[in-house]
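The lines below spell out each chain.
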Amino acid sequence: MLTYLLKRISTLFLSLWIISVCLFFLQKNASVDLVMLQNKARSNGSFYVHPLAAEKVYRAEAVRLNSDKPLFYFSMQPAMFPDTFYKVQYPEAIKVQKRLLLATGDWALVQNYFQALTAFYEKVAQTENGQVSIFWKQQLLEMANTSDLSVVKTACKASDEMREPFIEELRKLEGLLNRLSYQTPSFFSWLPSPGWNGFDNQFHNWFSKIIYGDIGTSSRDGRPVMDKLKEAIPWTLWVNGLAIILAYMFAMPVGILMAILPKSRWLRWTNNILLALYALPAFWVGSLLLFQATLPEYGFSFFSISGWSNLQQKGGFLSQPIPFLLQLSLPVFCMAYGLAAYLTSYMQSTFSKVLKEPYMLFAKTKGISKARLYFIHALPNALLPQIVFVAGIIPALITGSVVIEVIFNVPGMGRLFIDSILSQDWTTVYSFVLLVSVLTAAGLILSDILLVVTDPRIRLTRENKNE
Amino acid sequence: MKLKIFFSLVLFLAVFGDWIANEKPVYCQYQGKAYFPLLEVPFVKLGWINWPVDFQNDNWRNLPYEKVIKTLVPYSPETIDRNNLGLKSPFSVQNTKVFWERHWMGTDRIGRDVLAGWIRGFRLALSIGLLSISIAGILGIFMGGLAGFYGNDRFHLPIYKAFFLLFWLVGLIYWIFQVFVTNGSNFSILIWLGIWLLIGVLVYSMPAMGKSIALPVDWLISLIIQAIDAIPALFFLLALLPLIKNPGLFHVIILIALIRWTGIARLVRAEFLRIRDLEYIQAAQLLGIKNFHICWKHILPNAMGSVWITFAYSFAGAILLEAYLGYLGIGMPAGTISWGSQMQQVRENPAAWWLAVFPGLAIFLILFSLQKMGEKLESKVS
């Protein structure tokens, strides 16, 4: 048992590690221009970096964000890439340099070209207005934004008079451009050059922070993701917890009743109704309820879907339980009915299975009263699988509550998730996915453990045999 | 029996929906000539039939036909009916020329016919469900079968080959990645990929030397399954789809398949584990029948019984996921008309009940009948 558990937990950690690697790379792949985004947020949307200064600004930011390091423990790049390629930080520069490098295969040449380009732009910026027409200067400076080769080419082909103040720089650029357009990477420079980056890399730093509970800050507003989650989690817990409790309150009596009663047409119909309830999409019922129960025209305006934060500020459940529960009632109902239907048929099947056990027959022949038979002998045995079931179902509930929270405006985790996606706040999104997958994995393990703890007959031997 | 009728109706709507709800008339006489616009579309595209210029303006509804036979629902899902803009209820007074051309399920905010979009929804839901589940089925049966048949102790390889395989796989991933980076246009990378594949085949077909070890195939595949299962399906989709630059239906289908294969694979693995130890399989192995033949002809047919049940449930799950995506408006290609996207409009206009009732009803009926079918299959198997 213990070895099985240890094995199970170790593979679980391995798979969680794999997930976090994938999520890390997705996050890196997805991140919009972080520096631009954060600076824009800080300066109310009026942030502009001149391309000449960009590399410097971005490098300073990268040090602050800890992203001036290699991505992973090891790297596999084509041999033509330098080991220090990750040090280039300005996204536009990365794009152009990568493209040039893949086209020419000569890193020194690409770097020379970029230095020449920078020198050229500095020269243009320094020229006094009398030396060159303002329009032309403006055009040249704007070219710095594009870092497009063809634009530079046209500048090189301008008339002598126009090129006069910076003719030297332009000649140098032209020479380098010619070399760039003739060179192609050799066949062998495509071979991978594996490299070991050591432990001081971005993934390692990110992952070790996560282990200590720091899951990063939002790339939108700079707030710690944990704070955002802390605000959202109670709402999701309220909705899901109430839904589970309600569902069980319905499922227990009805399921037992259905198991006890003799088979009849009535029972078949109830089964069908339960199946229909289970198949009824919650978000459909939610959106139907939304207009039926919240618009004053239909007479049910006492449910409202706004004013959640108001409710929270006033102290939540303890200070004003009735408005609180009323507000939660619609989302909870939408979450609960499908679960209740599923749990009822589950309860029915487990209870009728228990009723068929030999010990129940024995108890019956002993002449025990029916109430004693059902509630003392059958019920505890039928309840065990139900307890196990709850642990496994919580993650599925969180998934289900995403759409419900969006419909009813509940400021819970699902809403937070959708809002973060819509505002491209990838740090929050992926920290969130990681958190949910840890929860799911923990739920699965917990239900396994509960299964063994509650039923000593299970030794998990069959799975052991095949491992 | 009733289920069969229902499913054939759904299939019919999915396949012929565009001929039922279309703004192009079935038959029309225009400027003295007879046309069959609905049926002629592919021929016009091929250039075999020429249409008058008026037909090419997509103004089908207002042309002065001499004679015309329209389709049952004379609107395409995309048709904007300017006379009935802004959420006309099915029961309200509608501004249509003929009573038959009413919007039986109302219109949405920009005047599109809800019934036409509703019929289009069948095709979308069914194609996403069927395609993703068949991809997931193939992947799941393959991986589950591999894990179940070989387990951790039956896939023997000489040690040097096992190490080489690891090395080779890393290289393969590198080359495929490079092909993607350069869009497959770089000739030398394609040559390198070819060389790498050739090396793999050569080394793999070399004779076995020295000791052999068993590769833990089952452990590896179970690890992958566990990792994918730990991410709830909707989160997986919602976190991945926005990253794709121009998401299309293809991406949605592939991603749903990537989520759904694990359930099928787990079941197939368990069935293979059970069946491979039965006597008739051992007899077949003693007869020297090849492993693939044993799996395909002797194990799989016996394992499929319970796999069909998960197909039914996964199908329902895929349709629901598609509806969620449309409803949340994330990840589906822009402008796609689906049940989810119709229901999404209710969020802005809570009083437009017809935009919620009909699409939801379709989803509910399909889910319900799939559950029913799953139940029936279950009772058949047991």
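The numbering scheme is per chain: residues are counted from 1 as the chain's sequence reads. Here chains are named by letter from A upward and ligands by number from 1 upward, in the order in which they appear as written. Only residues with pLDDT of at least 70 are given local features in this predicted model, and only at 80 or more are side-chain atom pairs given and counted; all residues enter the totals for whole chains, interfaces and linings. In computing side-chain values, all of the structure's heavy atoms are included and hydrogens and water are not.

**Here we look at the overall build of chain B**
- Across its full length, chain B carries twelve helices and five strands.
- Relative to its length of 382 residues, chain B is extended, with a C-alpha radius of gyration of 27 Å against a globular reference of 21 Å.
- Expressed as lengths along the three principal axes of its C-alpha atoms, the size of chain B is roughly 85 × 55 × 40 Å.
- Each residue is placed in one exposure class: buried if its accessible area under a 1.4 Å probe, protein chains only, is under 20% of its type's maximum, exposed if it is over 50%, and partly exposed if it falls in between. The buried share among the 382 residues of chain B stands at 50%.
- For chain B, the share of sequence-separated contacts (at least 6 apart) that also reach a separation of at least 24 residues comes to 70%.
- To measure how exposed things are, a 1.4 Å probe is used in the Shrake-Rupley method; for residues, cover is taken only from the protein chains shown. As presented, chain B carries roughly 19500 Å² of accessible surface, and 68% of it is formed by carbon and sulfur atoms.
- Charge centroids of chain B, computed over 31 positive and 21 negative side chains, lie 3 Å from each other. A run of DSSP states H or I qualifies as a helix once it reaches four residues; a run of E qualifies as a strand once it reaches two. Both are numbered from the N-terminal end. What the globule rule says is 2.2 Å times the number of residues to the power 0.38, and the radius of gyration is computed from C-alpha atoms. By definition, residues are in contact when any of their heavy atoms lie within 4.5 Å. Neither His nor the chain ends contribute to the count of charged residues, in which Lys and Arg are positive and Asp and Glu negative. Note on charges: their place is set at NZ of Lys, CZ of Arg, CG of Asp or CD of Glu.

**Let's talk about the overall build of chain A**
- Across its full length, chain A holds 21 helices and two strands.
- Out of the 467 residues in chain A, the part that is buried amounts to 45%.
- Summing over all exposed atoms, chain A offers an accessible surface of approximately 24500 Å²; the carbon and sulfur share of this is 63%.

**As for the nonpolar core**
- Membership of the largest hydrophobic core comes to 156 residues, with the highest contact counts inside it found for Phe283 and Phe417 of chain A together with Trp118, Phe122 and Leu238 of chain B.
- Ranked by residues supplied to this core, first place goes to helix α10 (residues 291-328) of chain B with 18 residues.
- The contacts of Trp118 of chain B, once residues within four sequence positions are left out, are Met105, Trp339, Gln342, Phe358, Pro359 and Ala362 of chain B.
- Ranked by size, the runner-up nonpolar core spans 41 residues in total, among them Met80, Phe85 and Trp136 of chain A together with Trp168 of chain B. Remark: nonpolar core denotes a set of buried residues (Ala, Val, Leu, Ile, Met, Phe, Trp, Tyr, Cys) joined through side-chain atoms within 4.5 Å.

**Some points on the interface of chain A and chain B**
- On the side of chain B, 53 residues touch chain A, which itself brings 52 residues to the contact.
- Two parts placed together each lose some accessible area; with a 1.4 Å probe, that loss summed over both constitutes the buried area. At the boundary of chain A with chain B, total buried surface from both sides reaches about 4800 Å², with 79% on carbon and sulfur atoms.
- Summed over the three residues of chain A that lose the most area to chain B, namely Trp190, Phe283 and Trp284 of chain A, the buried surface amounts to 15% of that side.
- For salt bridges, the criterion is a side-chain nitrogen of Lys or Arg within 4 Å of an Asp or Glu carboxyl oxygen. For the pair chain A and chain B, the number of links is zero salt bridges.
- The definition of a polar contact used here is a pair of N or O atoms within 3.5 Å, where within protein one atom must be able to donate a hydrogen and the other to accept one, and adjacent residues in sequence count solely through side-chain atom pairs. At the junction of chain A and chain B, the tally comes to seven residue pairs in polar contact (both at pLDDT 80 or more).
- Of all the secondary structure elements, the ones that give two or more residues to the side of chain A that touches chain B are α1 (2-30), β1 (74-78), α12 (265-279), α13 (282-294), α18 (370-408), α19 (413-422) and α20 (426-454) of chain A.
- In terms of residue count, the dominant contributor to the side of chain A that touches chain B is α1 of chain A (nine residues).
- A breakdown of the residues in the side of chain A that touches chain B according to their chemical character gives 41 nonpolar, nine polar and two charged. Gly is placed with the polar residues, together with every amino acid not listed as nonpolar (Ala, Val, Leu, Ile, Met, Phe, Trp, Tyr, Cys and Pro) or charged (Asp, Glu, Lys and Arg).

**Here we look at the sheet that holds strand β2 (residues 33-35) of chain B**
All names here are of chain B.
- Two strands form a pair only when DSSP identifies at least two bridges running between them. Within the open sheet, the three strands sit side by side as β2-β1-β3. Their pairing is antiparallel. Of all the strands in the sheet, just β2 and β3 (67-69) have a single pairing partner and so form its edges. Each adjacent strand pair in this sheet contributes to an overall mean axis angle of 20°, direction not counted.
- Pairing geometry for strand β1 (residues 27-30) and β3, over three bridges, is antiparallel. Looking at β3, one finds that Cys28 is bridged to Val68. Axis lines are fitted to C-alpha atoms, over the contacting stretch for helices. Their N-to-C directions set the angle, which ranges from 0 to 180 degrees.

**Regarding the confidence of the model for chain B**
- Values of pLDDT, the confidence the predictor places in each residue, fall between 0 and 100. In this model, chain B carries a mean pLDDT of 89, and residues with pLDDT of at least 70 account for 100%.
- Here the prediction assigns the complex a pTM of 0.87, and the interface score ipTM is 0.85.

**Some points on helix α9 (residues 167-182) of chain A**
- With 16 residues, α9 of chain A extends 23 Å between its outermost C-alpha atoms, agreeing within 8% with the 22 Å of an ideal straight helix rising 1.5 Å per residue.
- Those residues of α9 of chain A not exposed but buried are Ile167, Leu170, Leu173, Leu176, Leu177 and Leu180 of chain A. Given a helix with a known number of residues, its expected span is that number minus one, times 1.5 Å.

**Let's talk about the packing of aromatic side chains**
- Here the aromatic set is Phe, Tyr and Trp, taking the six-membered ring for Trp, and pairing holds for ring centres within 6.5 Å; pairs whose planes are under 30 degrees apart are stacked, those over 60 apart are edge-to-face, and all others are tilted. Summed over all chains, the structure comprises 53 aromatic pairs over all chains.
- Consider the ring centre and the ring normal. A charge sits over the ring if Lys NZ or Arg CZ is within 6 Å of that centre and within 35 degrees of that normal. Here the guanidinium or amino end of Lys161 of chain B rests over the ring plane of Tyr204 of chain B, the centre of that ring lying 5.4 Å away.

**With respect to the pattern of salt bridges**
- In the structure shown here, the tally under the stated rule is 16 salt bridges over all chains.
- For Asp200 of chain A, the salt bridge is made with Lys69 of chain A, and the minimal N-O distance between the two is 3.5 Å. Placement of Asp200 of chain A in the loop between β2 (192-196) and α10 (202-211) and of Lys69 of chain A in the loop between α3 (51-65) and β1 is noted, with a sequence separation of 131 residues between them.
- The exposure class of Asp200 of chain A is partly exposed, given its relative accessible area of 45%.
- Between Asp229 of chain B and Arg266 of chain B there is a salt bridge, with the nearest N and O atoms lying 2.8 Å from each other. One end of the pair, Asp229 of chain B, is in helix α6 (residues 217-229); the other, Arg266 of chain B, is in helix α8 (residues 249-275), with 37 residues separating them in the sequence.
- Classification of Asp229 of chain B as partly exposed rests on a relative accessible area of 23%.
- One network of salt bridges, in which partners are shared, links Asp18, Glu78, Arg120 and Arg123 of chain B.

**Brief notes about helix α5 (residues 107-126) of chain A**
Residue and element names in this part refer to chain A.
- Over its 20 residues, α5 extends 29 Å from the first C-alpha to the last, a length consistent with the 28 Å expected when each residue adds 1.5 Å.
- Residues Trp107, Leu109, Val110, Tyr113, Phe114, Ala116, Leu117, Phe120, Tyr121 and Val124 constitute the buried set of α5.
- Between the side-chain oxygen of the N-cap and the backbone nitrogen of Ala108 there are 3.2 Å, and the N-cap of α5 in question is Asp106.

**Details of the side chain of Gln342 of chain B**
- With respect to the helices and strands, the residue Gln342 of chain B is situated in helix α11 (residues 339-348).
- Contacts of Gln342 of chain B, omitting those with residues within four sequence positions, involve Val114, Gly117, Trp118, Ile337, Leu355 and Pro359 of chain B.

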